[in-house]
Structure formats: structure tokens, C-alpha cells
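Examination of the molecular architecture
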Amino acid sequence: MIESLAAEEFERRFGGKPEVIAVAPGRANLIGEHTDYNDGYVFPVAIDRGVAVAIRLADKKTNLFSLQAGEADEMELPPDRKYKHLDWGVYPAGVAWTLAKRWGVEYFNIDGVVCSDLPIGSGLSSSAALEVAFAAAWAKLYKVELEPVDLAEIGQMAENQYVGVNCGIMDQLASASGKADSAMFIDIRSLEVRYVTMPSHFRIVICDTMVPRRLKNSAYNKRRQECESAAQTLGMTTLRDATLDDLLAKQDSFEPIPFKRAMHVVTENNRCQSFFWALADGNELRIGMLMRASHESLKEDFEVTSKELDAMAESCWTAPGCIGARMTGAGFGGSCVALVRKDSVDLFTRSVSNRYQAKTGIEPTFLICKPADGVRAFRPT
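Residues numbered from 1 in each chain as written. Predicted model: local features only at pLDDT ≥ 70, side-chain atom pairs only at ≥ 80, totals over all residues. Heavy atoms only, no water.

1. A look at the side chain of Glu 9
What counts is decided by this rule: The secondary structure listing takes helices from DSSP runs of H or I that are at least 4 residues long and strands from runs of E that are at least 2 residues long, numbered from the N terminus. Remark: exposure states derive from per-residue accessible area (1.4 Å probe, protein chains only) relative to the maximum for the residue type, with buried under 20%, exposed over 50%, and partly exposed in between. Here a residue-residue contact requires only that any non-hydrogen atoms of the pair lie within 4.5 Å.
Along the polypeptide, Glu 9 turns up in helix H1 (residues 2-14). Accessibility expressed as a relative area gives 10% for Glu 9, which makes it buried. In this structure, Glu 9 is in contact with Phe 65, Leu 67 and Val 113, ignoring residues within four places of it in sequence.

2. Considerations on the packing of helix H9 (residues 284-300) against helix H10 (residues 307-317)
The packing of two helices is summarised by the inter-axis angle and the distance between the axes. Our working definition: Here an angle of 0 to 180 degrees is reported between the N-to-C directions of two axes, which are lines fitted to C-alpha atoms, with helices fitted over the stretch in contact. For classification purposes, angles smaller than 35 degrees are called roughly parallel, those larger than 145 roughly antiparallel, those between 65 and 115 roughly perpendicular, and all remaining angles oblique. Helix crossings are classified by the rotation of the near helix relative to the far one: an anticlockwise turn of less than a right angle makes the crossing left-handed, while a clockwise turn makes it right-handed. All amino acids are sorted into three groups, where Ala, Val, Leu, Ile, Met, Phe, Trp, Tyr, Cys and Pro are nonpolar, Asp, Glu, Lys and Arg are charged, and the leftover types, Gly among them, are polar.
As a packed pair, H9 and H10 sit with axes 11 Å apart at the nearest point and diverge in direction by 160°. Classified by the angle between their axes, H9 and H10 sit roughly antiparallel to one another. The way H9 lies across H10 gives a crossing that is left-handed. Along the contact surface, H9 presents Arg 292, His 295, Glu 296 and Lys 299, while H10 presents Leu 309, Asp 310, Ala 313, Glu 314 and Trp 317. Tallied by class, the residues present in the contact of H9 with H10 amount to 3 nonpolar, 1 polar and 5 charged.

3. Observations regarding the pairing of strand E7 (residues 192-197)
For clarity, the cut-off: Paired strands, as defined in this entry, are two strands with at least two bridges between them according to DSSP.
Bridge count for strand E6 (residues 182-187) against E7 is 6 bridges, and the pairing is antiparallel. The residue of E7 that forms the bridge with Asp 187 is Glu 192. Hairpin connection between E6 and E7: a loop of 4 residues separates the two successive antiparallel strands, and Leu 191 in this loop has a positive phi of roughly 60°.

4. Description of H10
Extensive coverage of H10 is indicated by the burial of 9 of its 11 residues. Of all the residues in H10, the buried ones are Glu 308, Leu 309, Asp 310, Ala 311, Met 312, Ala 313, Ser 315, Cys 316 and Trp 317. Residues of H10 that are buried sit in contact with strand E8 (202-208), H9, strand E9 (322-328), strand E10 (335-341) and helix H11 (345-360).

5. A word on the pattern of salt bridges
Condition: We define a salt bridge as a side-chain nitrogen of Lys or Arg found within 4 Å of a carboxyl oxygen belonging to Asp or Glu.
Per the stated rule, a full pass over the model turns up 21 salt bridges. Between Glu 303 and Arg 261 there is a salt bridge, with its nearest N and O atoms 2.8 Å apart. With Glu 303 in the loop between H9 and H10 and Arg 261 in helix H8 (residues 256-281), this residue pair connects regions lying 42 residues apart in the sequence. Across the salt bridge formed by Glu 296 and Arg 292, the nearest N and O atoms sit 3.2 Å from each other. With Glu 296 and Arg 292 both in helix H9 and 4 residues apart, this pair spans about one turn of that helix. A single network of salt bridges, built from pairs that share partners, joins Glu 9, Arg 12, Arg 13 and Glu 71.

6. A word on the environment of Tyr 83
With respect to the helices and strands, Tyr 83 occurs in the loop between strand E4 (70-71) and helix H2 (90-103). For Tyr 83 and Asp 73, which are 10 residues apart along the polypeptide, the C-alpha to C-alpha distance reads 9.1 Å.

The quantities given are spatial measurements derived from coordinates; they are silent on function.
Below you can see the structure in the form of C-alpha cells.
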């Protein structure tokens, strides 16, 4: 288990045991993409792959090591903005900065080891899991009582105000609030989470294109600005309040690109709400139709897919046992998520692999996942 690997590496590098270990899951978003920063609806599932953080207090400077990414630059915490140049260390630095600003905790220097079994750049929210894990670990260390939504808001604030990505809160909230055997229908405006039990014969298959996500911060932020522009044209604060009739009634007032972005968000919110009942009822035909329509909207209207993501989705749609499939995550690379009948998973992956390789010349990889509980932090015995 990743927490055991993190603890073992901690003892090897620093001597002695860590004071706190936290484990936070990644997430796959089944439907509801790029709707969270529009105050809309999302439908993620926390998965049984994630990030483990083992930490203890340090006297002077913070030393962090990742079994996957190597050493982070040495730093002093809580940080000021001078640490924005960091690579993966920018995420724990951002969490420390947020905790100090929001909660007034002033002493943060730690020795820490990170271990992850989430593929980096695959669209499974490894950065959000890292943020939530560090937030939970520090909260446990300082005996600060934080609810899952608090941990999620800390992660989002770190991402928005320190890292510089204007993401919504879905990824962090999914990592903090996951529930075994269930997906989560989340109303981003109210942060209400409604759990829907996954049918027992469904399996979540993450189909990695092996092309790392290439959505740069500037591209993500640009999509958000385009959505904000569309909301202004409609005279609304966010696209959450828009209907398809509203959009079509004012189509002549729009520039073409903001209109397309709004079309995706409005229809995706509708699909997300319909997906709730389709999943609750186990309506496989409806699930498949909604997931395919979501991918096509992300391709045509939001323009965040890639030729590899499209090839992967198309390979999944006609593969044996596939209930539904679409890209998951921010886009421009990464993975597709597929819901597959459990007795067909092997046949599904072989078929998709052959079809995807024929289209792209790339050999994909697959993760077979289950819904998982959200973040947990504990003091090792």
C-alpha cells in the first residue's frame, strides 16, 4: 500500500517514524466536465488509487521527497510568493500558504515523503489529491478539526491563488468526500453531495492515452474567461443559471466562441442531472448515450479533447462490455473513463487496446478501479 511505502521511505531518509500519514484518493469524473467553475453540477467518483503523505515536524527548513518525482526544492514554510517557481513542491507550498492565511497556523516546516499510484498527467487529479492529503496531514498534526469541504476549499484556494490555476472545487471535494461503492452528484453552488450507489456489475476502467495532459494553465484559464464572457452576455453571474432557451434567444448577441462554450456548459449541466437517475436506475442505454454526448460536446463546443482522446473514446464505444465512455479531466490529453460490465473487462481492454493502437500507433494502459472513501489521516502506531 502507498502509505506503507511512504512510511518506509520516510524512516530510511529521515530516521524515525512519521508523526502523521494522510492518504487521499484521485478521482474520475463520470460526467459534468468544466461545469464546476460555472457553479454547475458534476458527477465524480473517488477511486482506489491516490497519494500518501508521511510527515513530521522539522526545526528549520522543509525537506520533501516523492518516490515518483524525486526531491522538491528546499523551502521554508509557511511560504511567501517566492516559491511559485517550484515544480511539484508548489502544491504543498500552496497548501501551507493557504492554511497560514485562512487558519492562522504559523509553524509548518516538515520532513515529508510522498508516494502515489496515480499516473501523472492522466487526468485523475493527482495534484488535487496531493493538496488534500497535505491539508489533512497538517490538520491532524496541529489537531485542527476540518470537515471534508474545508479540506477541499483549502486545496482549491491553494490552486487558485498560489499555483495560479483558476480551477473549480470538484477535484478537491471528490478527493475529500469520496464514499466506497458510490459516485457523487455534487451541486457546486451549494456544495451538497448526493451519493449514488454504483451497480455491482459495473467496473470503472481508466483508459490512459499515454499522452500526458497538455492543458496549460493559460488554456484552462482562457476557457474560464470565455465562460464568464458568455454569462455576461446573458446578463447572469454564472452559466449555472442559463437554460438552453436563454442561450438560443440571445444567440445573435454572442461571439461564436463564447456561444459554443456556453452551449457545452448548459447542455452538460442537463446531462449531469439526467445521469443521476440513469445511474440510480442502472439504465445502461441512457448512461451510454449521456457519456457519449458529453464527449462529443467537449470535442465540438468546448474544444478540449485531442486526437488521442477522441480515438480512445471511439475505441471504447464499440468495444465488448462497454456501457459508456468519455474523456475525463481537463482535457488535451490524459484519459478516458469507461463504465464496463465486470464480466467483460478483459475482453474490453484487449479490444480497446487493439483499436486504439491501430488508430494512433500508441499502446495504451488501463486501470481497473473501484469507488473509494475520501481522505483519511492518522498517527501511525
